[in-house]
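So you can see what is in the structure, the chains are spelled out below.
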Amino acid sequence: GTPQRLAAGNCPCWTDHPSRLYYVSPADEMIYVVDVNRPTESRTPVAPCRGQSIHMQVSPDGQYLAFASAGRLTIIELHSHKVRMTWVVPGPQDNFVRWSPDGKKVSLGVGGIQRLPSGLWVFDMERKQGKHILNPMALSCNWSPDGSRVALDLSYPVNEIWLAEVDPDLPTWEVFG
């Protein structure tokens, strides 16, 4: 069909619900959820998000939303919109968030071509602990559906994708020593 304007914003993110969409409104620095079938009646604020570059992702089980902004990684419970966890991250810009398929880990790539990047971090939700695992060029850690491998996005100046075998039962950072 013909595309229709849904909202003023960016970084749309679907949940497992077919009509529920999260997005960022830069005008008021807020994450909203909207029912795409009733966008004007259903827009609900979820959480403030300060910063210029917001990337977010819903957990595989649809229970949490992870996003990074203004120097913090934030995990929100979707049913209550309450903050479950926050971690201070090394920079407020270009934060790339990815969930592991089991929803127990969140990767965060921090960097940018114009800014000094700080690399890839993995946060363990159960241990409530995060570790820096790779150098500044690594910006994204994307787990395979079974959690046995990760694809790593190495940014400027190489622009390469690397693959690593991991044990889904161990913290990802142990693989990278």
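The structure reproduced in this document is the subject of the present report.

About the criteria used
Residues numbered from 1 in each chain as written. Predicted model: local features only at pLDDT ≥ 70, side-chain atom pairs only at ≥ 80, totals over all residues. Heavy atoms only, no water. Pairing = 2+ DSSP bridges. Helix = DSSP H or I, 4+ residues; strand = E, 2+ residues; numbered from the N terminus. Phe/Tyr/Trp six-rings, centres within 6.5 Å; stacked < 30°, edge-to-face > 60°. Lys NZ or Arg CZ within 6 Å of the ring centre and 35° of its normal. Axes fitted to C-alpha atoms, helices over the stretch in contact; angles between N-to-C directions. Salt bridge = Lys/Arg side-chain N within 4 Å of Asp/Glu carboxyl O. Buried < 20%, exposed > 50% of the residue type's maximum accessible area, 1.4 Å probe, protein only. Disulfide = S-S within 2.5 Å. Polar contact = N/O pair within 3.5 Å; in protein donor to acceptor, adjacent residues only side chain to side chain. Contact = heavy atoms within 4.5 Å.

Section: the pairing of strand β7 (residues 72-77)
Item 1. Note that strand β6 (residues 64-69) and β7 share six bridges and pair antiparallel. Residue Tyr64 lies in a different strand from β7, and its bridge partner there is Glu77.
Item 2. Both β7 and strand β8 (residues 83-88) contribute to a ladder of five bridges, which runs antiparallel. In the sheet register, Thr74 faces β8, and the bridge partner there is Thr86.
Item 3. The antiparallel pairing of β7 with β8 creates a hairpin that spans five residues between the two strands, and His81 there sits at a positive phi of about 65°.

What to know about the packing of aromatic side chains
Item 1. Across all of its chains, the model carries four aromatic pairs by this definition.
Item 2. A ring pair is formed by Trp121 and Phe123, whose centres lie 6.4 Å apart and whose planes are at 15°; its orientation type is stacked.
Item 3. Put simply, the rings of Trp87, Trp121 and Phe123 pair up and form one aromatic cluster.
Item 4. A cation over an aromatic ring shows up here: Arg43 above the ring of Tyr32, its NZ or CZ 3.7 Å from the ring centre.

Some words on the sheet that holds strand β13 (residues 138-143)
Item 1. Within the open sheet, the three strands sit side by side as β13-β14-β15. Their pairing is antiparallel. The open sheet has two edge strands, β13 and β15 (160-165), and neither has a second partner. Between one strand axis and the next, the sheet turns by 25° as a mean value, whatever way the strands run.
Item 2. Pairing of β13 with strand β14 (residues 149-154), which is carried by five bridges, proceeds in the antiparallel orientation. When the bridges of β14 are listed, Cys141 appears paired with Leu152.

Here's the deal with the sheet that holds strand β1 (residues 10-14)
Item 1. Pairing within the open sheet is antiparallel, and its four strands lie in the order β1-β2-β3-β4. One side of each edge strand has no neighbouring strand; the edge strands of this open sheet are β1 and β4 (44-48). Neighbour-to-neighbour, the strand axes of this sheet turn through a mean angle of 25°, independent of strand direction.
Item 2. Two elements, strand β2 (residues 20-25) and strand β3 (residues 30-35), share six bridges in a ladder whose sense is antiparallel. Across the sheet, residue Arg20 finds its bridge partner in β3, namely Asp35.

Describing the pattern of salt bridges
Item 1. Under the counting rule described, the total for this entry stands at five salt bridges.
Item 2. Across the salt bridge formed by Asp35 and Arg38, the nearest N and O atoms sit 4.0 Å from each other.
Item 3. Here Arg38 falls in the partly exposed class, since its relative accessible area comes to 42%.

Points about the state of the cysteines
Item 1. Under the criterion given, the structure shown has zero disulfides.
Item 2. Cys11 forms no disulfide, and the closest cysteine sulfur to it belongs to Cys49, at a distance of 8.6 Å.
Item 3. Since its relative accessible area comes to 24%, Cys11 is described here as partly exposed.
Item 4. For Cys49, a relative accessible area of 1% corresponds to the buried category.

Details of the side chain of Ser107
Item 1. Tracing the backbone shows Ser107 in strand β10 (residues 105-110).
Item 2. One polar contact links the side chain of Ser107 to the main-chain carbonyl oxygen of Cys141, over a distance of 3.1 Å.
Item 3. Setting aside its immediate chain neighbours within four residues, Ser107 contacts Phe96, Val97, Arg98, Leu120, Trp121, Val122, Cys141 and Trp143.

Points about the environment of Val58
Item 1. For Val58, the position within the fold is in strand β5 (residues 55-58).
Item 2. Along the primary structure Val58 and Glu77 are separated by 19 residues, whereas in three dimensions their C-alpha atoms are 9.9 Å apart.

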